[in-house]
Structures are given as structure tokens and as C-alpha cells.
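Structural features, examined
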Amino acid sequence: MTRPVDAPADLTLLYRGPLASCDYDCPYCPFAKRRDTPEQLRADRAALERFTAWVREQRAGSLAVLFTPWGEALTRSWYREAIVRLSHLPQVRRVAIQTNLSARTGWLAAADRGKAALWCTFHPGQTPYDRFLARTRELAALGVRFSVGVVGLPEHLAAARRLRAELPREHYLWVNAAEGRTYTDEEAARWTALDPLFPFSRHPHRSAGLPCRTGESVVSVDGEGTVRRCHFVPAPLGNLYDGSFRAALAPRPCPLAVCDCHIGYVHLESLPLYDVFAGGVLERVPAVITPPGPADAPHTGGEIPVKPFQRA
């Protein structure tokens, strides 16, 4: 049992344990995958149980947790069980996970669906379209908060358009710019017609020296409990389990030249995304949904003006 450690008020934890196995093999995925051995899976389960025990022991402030696994976690029972348990803790205000939605969804009936949420990625070519769409309808019927998205590759455009047409209008469909890909204005316009926020993903954001919530109210935690400001800055701030991270929490500028991943740049104070995603930052659900519109002006760095969200 870990020693109780009071957490700062309103702390967000991005947890990524050692799990690296996935049931998909997307060629565009930047994460190096492995086939986890039974020993590695046991180590991952033990690390997750230690983390959830720490969350359970907290008494000060509130916590939000986003699981960002290297692989697919919801095919593992211990992640499903952890989400259910955490969702019922009074100190947890949100628990969410990134998933390819290949696993069954019925287990969410046992969760507090006012707190549990999913960030779902559709991978054409890895799963039948109809099965994926059926899973989103199961989530909607359960009353689970979720977003759905795709990687903005040309071969995904037709499937993304079909998905946008068949998803209920109240469910946001996001588009991630493919890593290393440059989009012409014409290409960007096609994706922005599906996701009005695609301009935020189209180009990396200049971040050097700019204020960011990571390292103050948002931190990354690995399976050993090492705390870093985010997944992209390797310098440790301390350890979760001995409480040494707490003294390091403070406002600080970003040390990197650019930030090009949503789970990083969403926390930049120079961008308006905490207002856009108010109440849904972890699961990537905007506060209000709008029908997709025309492309915004080409992005040249810094902030991007986007039309206010209006409910359809």
C-alpha cells in the first residue's frame, strides 16, 4: 500500500503504463508495438493497480485521469475494471481513455457514466466499418460521453465522410493530421469540412517559451510513478508515490520549439482549446457541437481563429 499523499486541487494525470501490445497494426502509427509477454502483462497490471490505489487514497482536491496507452488497453480486463472503480470515487471528476473501440462496451454499464468517457479512433482497414459504427451506437445507448476520430490520410477520407454522415450530429468527429504530412489548402479544406477544428491539428504549434498548464495542473505519469510535465518533455519532476513531484508543480513555459500532438497542445494557454472543450478536454468532446463548415484560413503558426460552436 502506498503512503497517502494529498494531491493539488484539480490535478489532471495522463497515465501511460508499460503496456505496448495492440490488436491492430496500423502502418501510420508512430508507437512502436510489441507482443507483450505474460510477465510484461503482469507488470502492467501491477503498475496500474498501484496507480489506482494512489488515486483512491487521495483526499485533497479533485483528480482527472486520461489513460494514453502505447497499445490497446480496453482488451485488458484490468483497464476496464480500473475505469469502473475510478469513476465511482468522489475525488475523481473524470476518467477517460484513448481506444480503438475494438473491445466490447457493455462493461461501461457498471461505471458512473457521468464521469467515464472514451476517446475513440476509427482505423479503416483494421476493423469493419459496420462493427465500429455499432460500437458507437452502443456507447450512445449507454449514455457514455465519447468522441470519434480518424487520421487524416487520403485513403481514409471516404470512410470519414461516411462516419460523419452516420454519427448523430451531437457526437464530434475529429481529424488528426497524419504525422509528418503537409496538407495543401485544398486537402485541408476537405478535412475541415468534416472537423471545423482540423486547422488546430494541421500544423505544429509554436510553443517555445509559451505558458502551458502541463507541469502545474497537468502531469504525465508512467508505470514506475515517474512524473513529467507531459509525454513529450522527458525531464522528471519527481515521483507520484513518494510525493516528491508536488514541490515541482509550478507555472512554467514550454521548453520545446513546437507541439504537434493534441494531448500536448490542448494544454497550451496560448490556444483557446480549454474554452472550446470546456468539460471535455480529456475525451476531446467540445462544449457545443456545430455542423462542419468551410475551411478556415490557412494556419501560419500561433493561434487559429475558429468559428464559435453553435448547437445544430
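The present account deals with the structure reproduced in this document. Worth saying up front: this structure is predicted, and the values here are computed from it rather than measured.

1. Points about empty space enclosed by the protein
Per the counting criterion, the structure on display carries four cavities of 30 Å³ or more. In this structure, the largest cavity spans a volume of roughly 60 Å³. As for the largest cavity, its lining consists of Cys-212, Thr-214, Arg-229, Cys-230, Phe-232, Val-233, Cys-254, Leu-256, Cys-259, Gly-264, Tyr-265 and Leu-268. Looking at the lining of the largest cavity, the elements with two or more residues in it are β10 (226-230) and α7 (262-265). Considered class by class, the residues forming the lining of the largest cavity number nine nonpolar, two polar and one charged.

2. Structural notes on the packing of helix α3 (residues 129-142) against helix α4 (residues 157-166)
In contact at an axis separation of 12 Å, α3 and α4 are set at 30° when each is read in the N-to-C sense. Of the possible angle classes, the one that applies to α3 and α4 is roughly parallel. Of the two possible hands of crossing, α3 and α4 adopt the one that is right-handed. Along its contact with α3, which presents Tyr-129, Asp-130, Phe-132, Leu-133 and Arg-137, the element α4 presents Ala-159, Arg-162, Leu-163 and Glu-166.

3. A short note on the side chain of Arg-229
The topology assignment puts Arg-229 in strand β10. At 3.3 Å, the side chain of Arg-229 and the backbone oxygen of Arg-252 are in polar contact. At 2.8 Å, the side chain of Arg-229 forms a polar contact with the backbone oxygen of Pro-253. Discounting residues that sit within four places of it in the chain, Arg-229 has contacts with Cys-212, Thr-214, Gly-215, Val-218, Val-219, Ser-220, Leu-237, Arg-252, Pro-253, Cys-254 and Pro-255.

Criteria and thresholds
Residues numbered from 1 in each chain as written. Predicted model: local features only at pLDDT ≥ 70, side-chain atom pairs only at ≥ 80, totals over all residues. Heavy atoms only, no water. 1 Å grid on protein atoms, 1.4 Å probe; cavity = no way out; pocket = protein on both sides within 12 Å on 5 of 7 lines; lining within 4 Å. Points joined across faces, edges and corners; volume = space filled by probe spheres on them. Helix = DSSP H or I, 4+ residues; strand = E, 2+ residues; numbered from the N terminus. Nonpolar A, V, L, I, M, F, W, Y, C, P; charged D, E, K, R; others polar. Axes fitted to C-alpha atoms, helices over the stretch in contact; angles between N-to-C directions. Parallel < 35°, antiparallel > 145°, perpendicular 65-115°, else oblique. Left-handed = near helix turned anticlockwise from the far one by under 90°. Contact = heavy atoms within 4.5 Å. Polar contact = N/O pair within 3.5 Å; in protein donor to acceptor, adjacent residues only side chain to side chain.

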